Amino acid sequence: MNTPLGTYHQSQTQCFWFIDTVNSNDLVIGEDSVGVFSPSTGQLVGASTLTPLSTHTDIPGMGVDDSDNTSEYMNIGETPVFKVYQASSGLILDAQVENPAPFENLAIHMAGRITLTTSTSECSCQCLPGGNCTFCSAAMNADDPEWMCTTGAGATWCSWECS
């Protein structure tokens, strides 16, 4: 499956997380996407576009099975990492859900509200070729060692530990 967050393959082991509330004015229903990543490998294992909140956004998560394509996917008992692709900026932002639940084959979890944990106004940047970041705030400088470019799941993003 090709998504703005990267590509993932269908697996024989799957789990679903349902989001019912978006806790951010920075997200746009119908444009932005939520991805589920393996906490042990950082691999994208599923994604969905945010749907109108009269319905739930279902986010599939693929697990390890007998296929070579899924060797870095979720294992039973792992709790996924959530990230949001913000279409307007092209950024991939860290997020958390209200009720995270571990991966179980064929499970359906009501994850509740999703909240960005990376602020688009204070703690975000764009990655440039070569792994350097551009910064959106004059208070952050390019020599700050806490900024780093991360590449995974077919995408590159900057991350910074916000205080």
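Residues numbered from 1 in each chain as written. Predicted model: local features only at pLDDT ≥ 70, side-chain atom pairs only at ≥ 80, totals over all residues. Heavy atoms only, no water.

1. With respect to unusual backbone geometry
Keep this limit in mind: Put simply, DSSP H or I for four residues or longer makes a helix, DSSP E for two residues or longer makes a strand, and each gets a number counted from the N terminus. The rule is simple: take the accessible area with a 1.4 Å probe, protein chains only, and divide by the maximum for that residue type; under 20% is buried, over 50% is exposed, in between is partly exposed.
Although it is not a glycine, L106 adopts a positive phi angle of roughly 65 degrees. Examined against the element boundaries, L106 turns out to sit in the loop between β8 (91–97) and β9 (107–116). What makes L106 exposed here is its relative accessible area of 67%.

2. Describing the side chain of H109
In plain terms, the rule: Contacts were defined at the residue level, with two residues in contact if any of their heavy atoms lie within 4.5 Å.
Mapped onto the secondary structure, H109 falls in strand β9. Aside from chain neighbours lying at most four places away, what touches H109 is C15, F16, W17, F18, A101, P102 and E104.

3. Notes on the nonpolar core
Rule in force here: In this description, a nonpolar core means a group of buried Ala, Val, Leu, Ile, Met, Phe, Trp, Tyr and Cys residues linked to one another through side-chain atoms lying within 4.5 Å.
Within the largest apolar cluster, 32 residues are counted, with the highest numbers of intra-cluster contacts made by L5, W17, V34, F82, V84 and I114. Of all the elements in the fold, those that place two or more residues in this core are β3 (14–22), β4 (33–37), β5 (44–49), β6 (57–62), β7 (81–86), β8 and β9.

4. Focus on the side chain of S11
Rules: A 3.5 Å cut-off defines polar contacts: any pair of N or O atoms within that distance qualifies, except that in protein one atom must be a possible hydrogen donor and the other a possible acceptor, and neighbouring residues in sequence count only when both atoms are side-chain atoms.
Structurally, S11 can be placed in the loop between β2 (6–7) and β3. In this structure the side chain of S11 is engaged in a polar contact, spanning 3.1 Å, whose partner is the backbone nitrogen of T13. The residues contacting S11, other than those within four sequence positions of it, are M62, G63, V64, D65 and T70.

5. Topic: the confidence of the model for the protein
Using the following cut-off: pLDDT runs from 0 to 100 and stands for how confident the predictor is about each residue.
For the protein, the mean per-residue pLDDT works out to 78, and 71% of the residues sit at or above 70. Within the model, pLDDT remains below 50 along residues 134–147, and this stretch shows 26 contacts once partners closer than five positions in the same chain are excluded. Segment residues 151–157: pLDDT under 50, and 21 contacts once partners within four positions in sequence are set aside and those in other chains are kept.

6. As for the sheet that holds β4
Definition in use: Paired strands, in this sense, are two strands between which DSSP finds at least two bridges. The angle between two axes is taken between their N-to-C directions and runs from 0 to 180 degrees, where each axis is a line fitted to C-alpha atoms and a helix contributes only its stretch in contact.
With respect to topology, seven strands assemble into an open sheet ordered β5-β4-β7-β8-β9-β3-β6, the strand pairing being mixed. Lying at the two open borders of the sheet, with one neighbouring strand each, are β5 and β6. Pairwise comparison of adjacent strand axes, ignoring direction, gives a mean angle of 35 degrees for this sheet. Pairing analysis gives five bridges linking β4 to β5, with the strands arranged antiparallel. Within β5, the position partnered with G35 by the bridge is A47.

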